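# Reading the structure
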Amino acid sequence: MQERHYLVTGASSGIGLAIVERLLGEGAEVTAIARRSTEPALSKDKHVSSRLTSICCDLADFSELETAMKTLLSGEIGLDGAVLCHGYGDFGSLEEFSVERIVSLVNTNLLSHMLVARHIVPHLKRRGEGDLVFIGSESGVRGGKMGAVYSATKHAINGFAESLRAECASSNLRVSVINPGAVDSHFFDGLDFCPGDLRENYISPDDVAQMATTILKMPRGTVIDKVNLTPLKKVLRKK
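Criteria and cut-off values
- Residues numbered from 1 in each chain as written.
- Predicted model: local features only at pLDDT ≥ 70, side-chain atom pairs only at ≥ 80, totals over all residues.
- Heavy atoms only, no water.
- Salt bridge = Lys/Arg side-chain N within 4 Å of Asp/Glu carboxyl O.
- Helix = DSSP H or I, 4+ residues; strand = E, 2+ residues; numbered from the N terminus.
- Buried < 20%, exposed > 50% of the residue type's maximum accessible area, 1.4 Å probe, protein only.
- Pairing = 2+ DSSP bridges.
- Axes fitted to C-alpha atoms, helices over the stretch in contact; angles between N-to-C directions.
- Polar contact = N/O pair within 3.5 Å; in protein donor to acceptor, adjacent residues only side chain to side chain.
- Contact = heavy atoms within 4.5 Å.

Next up on the list: the pattern of salt bridges. Throughout the structure, instances matching the rule amount to 15 salt bridges. R165 serves as the salt-bridge partner of D225, at 3.5 Å between the closest nitrogen and oxygen. Of the two residues, D225 sits in the loop between helix 5 (205–217) and strand 8 (226–229) while R165 sits in helix 4 (residues 148–168), which places them 60 residues apart along the sequence. A relative accessible area of 37% means that D225 is categorised as partly exposed. With relative accessibility at 14%, the residue R165 sits in the buried group. Residues K233 and E200 are paired through a salt bridge, measuring 3.3 Å at the closest nitrogen-oxygen approach. Here K233 is found in the loop between strand 8 and strand 9 (236–238), whereas its partner E200 is found in the loop between strand 7 (193–195) and helix 5, with 33 residues between them in sequence. On the basis of relative accessibility, which here comes to 28%, the residue E200 falls in the partly exposed class. Among the charged side chains, a salt-bridge network with shared partners connects E129, D131, R174 and R220.

This is the structure we're talking about:
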C-alpha cells in the first residue's frame, strides 16, 4: 500500500486507531481526523513518521467539519480513499430519548458521514478511482431491543453506501461497509453493558482493521460490498 494516501475518521481510539496503525504498517500515508490528536496514541509506534497527519475536529460540529474538509482538499493532497469510523453508542427505549439526544446521535453517526462523503466523492471521481469504506454495525443488519435510534443510523449507513456504490461505479469508485458486532474498545465505556470476558465474545479492533485493509487491497475490478463480522459466541453482560 505504499504511495497510497487514506483519510481515517474517528482515528484516536478503537477501530479507527487500529486502522491507522495497520495502514501505516503497510506503508501508506494517513490523514487521521478525530476530536483528539491521534499522534500521542502512536508515539511509541515504530511506524509513526512523516506519513501521518493528525487533524483535530469534532465532525458532529458541521461548521468544523466543513472547514476541515475544505482545508484538507484545497491543496495538492491526493487521497486514494477514506475509511469513516467515527461514531458512538447510545441505547435505551425510544421514550427515554429527548429530541436533543436523538439529534446528537443522528448527526454524529449518520449525517456527518454523509457530509464527509460529500467532500470525498468528487475528489475521488476527479482522480478516476478510489475507495470509500464505512464502518457500520451489526445493528445496521438487524435491530435489537433498546437500540432503535442507534440501529436506525446504522441501517441508514448501509442504505446510503448501497446507493452511493451504484451511483459511483462508473467513476471507478468502490464503496464498502463493514458491520462489526461487539468490539473490545472504548465504545462501551459510557454504556451499562459490555461484551463477555472470553475472546470468543468480542471482536478485536485489529480484526476490523484487517478487513478494512483487505477491502482496500482487492484488485480494482472487485468490490467487497458488505462484510458482517460477529463474535463466535454473542454474550453481553451488565456492568
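What follows covers the sheet that holds strand 5 (residues 130–135). The strand order 3-2-1-4-5-6-8 describes an open sheet built from seven strands, whose pairing is parallel. On the outer flanks of this sheet lie strand 3 (52–56) and strand 8, each paired with one strand and no other. The sheet shows a mean angle of 15° between the axes of neighbouring strands, taken without regard to direction. As paired strands, strand 1 (residues 5–9) and strand 4 (residues 81–84) are joined by three bridges and run parallel to one another. Bridge pairing in strand 4 links Y6 to G81.

Moving on: the side chain of N109. Residue placement: N109 occurs in helix 3 (residues 99–127). Of the polar contacts made by the side chain of N109, one reaches the backbone oxygen of Y88; its length is 2.9 Å. Among all residues touching N109, those that are not within four sequence positions of it are G87, Y88, Y150, T153, K154 and I157.

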